[in-house]
Amino acid sequence: MSVGKQISAWRADPSVGDNISAWRQIPARQSSLVPIPDDLPAELRASLQQLGIQTLYSHQLLAYRRAQSGLNIALVTGTASGKSLAYNLPVLADLIQNLQARALYLFPTKALAQDQLSSLKELLAQATQTGRLPPPAIYDGDTPASHRSQIRQNTRLLLSNPDMLHMSILPHHTNWAVFFENLRYVIIDEIHTYRGVFGSHIANVLRRLKRIARHYGSRPQFLLTSATIANPQEHTSRLIEETVSVLAEDGSARGPKHFLLYNPPLVDARLGLRRSALQEAVRLTDDLLTSAVQTIVFARSRRTVEIVLTYLREKAAPHSGWDANREQQELRGYRSGYLPSVRRQIEAGLRRGEVRAVVATNALELGIDIGQLGAAVLVGYPGSIAATWQQAGRAGRGSELSAAILVATPAPLDQYLVTHPEYLFDRTPEQALIDPNNPLILLDHLRCAAFELPFQSNEAFGNLPAGEVQEYLDYLTSQGVLHSSNARYYWMADQYPAQQISLRNASPNQILLQVADHNAGAETLHTIGQIDQASALWMVHPQAVYLHESQTYLVNELNLAQGQALLTPFAGDYYTIAMQDTQVQLLNLLTQENVPGGMKYAGELQVTTRVTGFRKIRWHTHEVLGIESLDLPPTELQTTGYWISLSDETVAQLRQNGLWTNDTNDYGPGWALLRQQVRQRDGFSCQGCGLPETDHAHDVHHIVPFRQFASPQQANQLSNLVSLCPACHRLAESAVRMRSGLAGLSYVMSNLAPIYLMCDTSDLGAHSDPQSPIAGNKPVVVVYDMVPAGIGLSQRLYESHAALIDAAAELVQACACEDGCPSCVGPGGEQGSGGKQATLAILGLLHASQTFSKEI
Amino acid sequence: MPSLADRLKSLGVQIGAQNLAPRQEQFPYPIEKVVGGETLETHYGLTYQVEERFPADHRHGNLGLLCTSPMDALAAWTGDDRLRRLDPHAIAYIDTETTGLSGGTGTYAFMIGIGRFSGDNFQMLQLFMRDPAEEPAQLAALEQYLAPCEALVTFNGKTFDLPLLRTRFTTHGLKPSFSDLAHIDLLHISRRLWRDRLPSRTLGNLEYQILGAQRTEEDVPGWMIPSLYFDYLRSGDARPLRGVFYHNKIDVVSMAALLNCISGLLADPSGAALPDQSDLLSLAKFYETIGDSATAVLLYQECLRRDLAESQHLEAMLRMAQIYKRAGDDSAAIPLWKQAAFHWSLEAHIELAKAYEHRLRDPATALEWTRAAIQLVTHQSVPAFNQSALLAELEHRRERLERKLTGSYSAADDS
């Protein structure tokens, strides 16, 4: 059976076909071919000939010509479109002719560098023979010390990565003097991965690189590649701070592809529970394998990779004659934990067709050559639309039909996408954002830059003007790290600043996670990972149960002063959830605007979070075993945020909305008696306004909503009950509703934000408050950047407000659950009960056209 | 509008430094008032230097500063023939004081000490960077001083001082001419000679143990030096730097005496010049390393005549035996091995088994030695991870020998 037949079979089978929420057929594309240019050096022509390349794609020729004319270029064509050849041809052509010229290649992973090294060697087979060009070499953490000196002196084509550049090459640039004097090209691959905090660091590393090149008299040209993003021009030019010519027209051929969006069916509509995405993905993959379609399965975590692989092998067993060995060979896993030699083996096996299926993390998303497969199955949305296309792009062999299937998990973002395929297919609203001038990140790199070369007092840094640079330099001088004299700033400290910086986060304080090893007599500490201090307080607070790479640990001690958390392996039957109390204060309002239902704002905020305690929850049954309190210092985060306040009219309308009646009258046995007791205790008068009972009994209200408790007994404790007159009761209920509606709104907004932002949900924090000081005591939902001083995320959300509300409203409306679920407004319990109706009501009033109201 | 400092603090930047004293405009104790130096005019401006001369007969501990012995052994050791014909007056001894040990372009050599003979005197020059802005001038002065020199002597200069100086030059776009000079790094040769006897081979310890010299209280510990310089830059008070000048000066003088000492004892194959007779073994091994087996053997023999530790005697025996073995002289090697085997040396047992089996064609004797070796392994405290591998090899050998001797097997062998 071929791919096409398998898809038809699925569509005809109700157990699969009914769950396909979208089926897009992407037509084949003819290639746009052009002859190999005449001015290409003979050695390269010969190598291309050897490799069987007779023509070029149109975009490859265009890249060649533009690069020749001295422009910085960015290739934003799809996967398997020959981007490597497109940037290699102009660079190699020049280096063959100019015997002093050098080029630096930067790849985000070592594996990718290894892969590209092989390709380069093939292309240069002729040229290195004639001796015109020494062989290309990788210079990274794995390069043996004995080879390094030789590489520094002789290599003209250097492959490395941003971390090595930052940590080793730039701070020792005098060892690379000849290299920098003749640096003509810098090639940076996969620049869409350089976004957010990481991207902001990389932009600064590039500023340092350019500064040092300038010191040696060179001004290299930049050749960049990227997956599809919404803002390639903006992102690339912000990254290198120069003008960039973007090439997005893809001249490569593409076979027809079927893209299916699959939503596992509901098993409990009321609770919004669906069949496991993992199981569904296994089933679909098994079908494909039975039809002899070579398939790649992408999973979001290493653990999922191992689970899917196990299931697939079990299913394959009867077909392969219970030959465990064969299953091991033909169905492989792939993730960064494996040895490089094993990974090379799997890659080769895929190219040769011996490996029929590979289950991988996104380690296989970036350009490593594994040939082209028949189908790609994505278990859950990979987190960005760019990544989705990268992963799907692994399927598609020549002009044959291929398939990509995205299996949605219950996460709101997944659920939103399967019901809004246009986001995936018709446009890419994701923008890659960086903020190179974030003060924390900038400070770190100015330290590194000052270490590398003294600063002149009128010197700019990238596009940061000299005056601002000087402010930072003066600050560093006052900290005793720089010495200023003769209109220069010299590094005068016994430190190596690059070592103290991690390019992947901006948090000043890291906590090391350490486990005690008791073997060999002495007790040693073994570090399993690290977390920034703010996250540490709620993830590894004392007595927390912490999961790390499928191992469970108990946190014995959290020592903030020393930056360590001590863990021991744990085999208990419960996990913990921290309880946090968040306060948000306004530091500086930047802008505000009226919107339907209220107002939107953007500005600088101080978010103070305190972990107050934690709950112990039994696995599987989710019983609350206990609640403990904690005494931990608060975390203060100064950052940028975007928030919405509800106008008084909106609040009034919400209150009056007759939809807000009490959900249930069943408060357990003995409720009637309990009511009596409470009214009696309260002297038959309203505890809110003092009104005495007249004709009717007052209502009895649960202070903490009934739903939040595990049992009626706990909910109905006298201390939780209070007599209220109907008016006060309505107010109290509406306060609860308000709180839970706002909480639901903040949940859905922060979960949908990544559609616009190309960030992880963990890059944003969200908070709601029915009476917020940051908007004149009105009800507020705020979303903020989790990075100190912000990185530009919430600013973009402010601009996308209307679209975000629109998307949120649609998602919640369409969700099949009754009262809220993790796929729409979040699990109940934290701030309110369920809250779906309340959230919908608020969304209705915030929505421009106000079409959402009483309909459910 | 909050200052940058306030903003950074509120973002969580830990302010590392304590309350630093504000920079003073008037320097109450400039360097000129603290040490007796002078400014020097160079192509790049002014630099500051302190000079001191030591008379020809000056001794540092037990030794004079001029290297009076031939340097042939050192030439063989470094592989640089120029050292054979070197005039000791053309040697420059260099030591730097730096702003840190981590290397990289942010490390400065704020003080460069150079010692060399000028006429009969030992001239000690210290080029001091009063301010980083003076660095080019300091480097220019260094070039000038090194111009007439033919060799450099350092202590750990191969890994540290010389690469650092090269980096400083390159940062200013200058090309150092001293890169081509011959170089002796005293740390490496000192390790060779004294790794077994002395727990620490720092210059300070060698100075005390080998040269018999002591420093005054003016000395400052090396780890403190960078911060003393930083304090001086900030406060303008040069008084604490006196100790740094002293430290640097004595380091250079020590190196001169140390080279004199080392070249002296390397040049004397009788070992008479050695500070301690247990250094005989190291000296012998040194001669083996440079390919002079004849001298090595003489020294090993001397070791055996002296009252040294048993482990040293054993090592001497075994190494001598190896030399003889390589030269094809079993008649000389075997007695040595037998002597070592008498002292429970496993290596000797194994070598004897090999010699008798393969070269002397005497499987019976080879078997005896093999069996004895097996006994030794099982009864001696051989580390566990080694034991099984060794035993496997020995058993293999034994079986082979027994096969060779088929016919001579008897019940008595089964013990």
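The structure under discussion appears in the preceding block.
Asks: Can you help me understand the pairing of strand 7 (residues 121-128) of chain B in this one?
Replies: Within a regular strand, side chains alternate between the sheet's two faces. All names here are of chain B. With 7 of 8 residues buried, strand 7 lies mostly within the body of the structure. Taken together, the 7 bridges between strand 2 (residues 45-54) and strand 7 define a ladder with antiparallel strand orientation. Across the sheet, Gln-49 pairs through a bridge with Leu-127, a residue of strand 7. Hairpin connection, strand 6 (residues 109-118) to strand 7: the antiparallel pair is bridged by 2 residues, and Gly-119 has positive phi, about 70°.

Asks: For this particular structure, what's the right way to read the packing of helix 23 (residues 648-656) of chain A against helix 30 (residues 836-846) of chain A?
Replies: What describes two packed helices is the angle between their axes and the distance between those same axes. Residues and elements named next belong to chain A. It is at 10 Å that the axes of helix 23 and helix 30 come closest, and there the two elements cross at 140°. Here helix 23 is positioned oblique relative to helix 30, judged by the angle of their axes. Where helix 23 crosses over helix 30, the handedness of that crossing is right-handed. Residues Thr-650, Gln-653 and Leu-654 of helix 23 form the contact with helix 30, whose participating residues are Ala-841, Ile-842 and Leu-845.

Asks: Help me understand the interface of chain A and chain B, please; the structure alone is not making it clear to me.
Replies: Quite often, the size of an interface is put as the accessible area lost when its parts meet. Taken together, the 37 residues of chain A in the interface contact 35 residues of chain B. In total, chain A and chain B occlude about 2900 Å² of area from one another, counting both sides; carbon and sulfur atoms represent 60% of this. The tally of links from chain A across to chain B stands at 0 salt bridges. Our count for the chain A to chain B interface comes out at 10 residue pairs in polar contact (both at pLDDT 80 or more). Among the elements of the structure, helix 20 (439-452), helix 21 (466-478), strand 20 (482-485) and strand 21 (488-491) of chain A are those that each provide at least two residues to the side of chain A that touches chain B. Tallying contributions element by element places helix 20 of chain A first for the side of chain A that touches chain B, with 5 residues. A breakdown of the residues in the side of chain A that touches chain B according to their chemical character gives 20 nonpolar, 14 polar and 3 charged.

Asks: Help me out: how do you make sense of a nonpolar patch on the surface in this one?
Replies: Taken together, A:Val267, A:Leu271 and A:Leu273 make up a surface patch of nonpolar side chains, about 280 Å² in accessible area. Secondary-structure assignment places A:Leu271 in the loop between strand 12 (266-268) and strand 13 (273-274).

Asks: Mind showing me how you'd approach the side chain of A:Ser645 here?
Replies: Residues and elements named next belong to chain A. Turning to its location among the elements, Ser-645 is positioned in strand 30 (residues 635-646). At 3.0 Å, the side chain of Ser-645 and the side chain of Tyr-601 are in polar contact. Discounting residues that sit within four places of it in the chain, Ser-645 has contacts with Gly-597, Gly-598, Met-599, Tyr-601, Ala-775, Lys-778, Pro-779 and Val-780.

Reading the values: the criteria
Residues numbered from 1 in each chain as written. Chains lettered and ligands numbered in written order. Predicted model: local features only at pLDDT ≥ 70, side-chain atom pairs only at ≥ 80, totals over all residues. Heavy atoms only, no water. Buried < 20%, exposed > 50% of the residue type's maximum accessible area, 1.4 Å probe, protein only. Helix = DSSP H or I, 4+ residues; strand = E, 2+ residues; numbered from the N terminus. Pairing = 2+ DSSP bridges. Axes fitted to C-alpha atoms, helices over the stretch in contact; angles between N-to-C directions. Parallel < 35°, antiparallel > 145°, perpendicular 65-115°, else oblique. Left-handed = near helix turned anticlockwise from the far one by under 90°. Contact = heavy atoms within 4.5 Å. Buried area = accessible area lost by both parts, 1.4 Å probe. Salt bridge = Lys/Arg side-chain N within 4 Å of Asp/Glu carboxyl O. Polar contact = N/O pair within 3.5 Å; in protein donor to acceptor, adjacent residues only side chain to side chain. Nonpolar A, V, L, I, M, F, W, Y, C, P; charged D, E, K, R; others polar. Patch = residues over 30% accessible without salt bridge, like charges linked within 9 Å, V, L, I, M, F, W, Y side chains within 5 Å. Areas by Shrake-Rupley, 256 points an atom, 1.4 Å probe, with all protein chains shown as cover.

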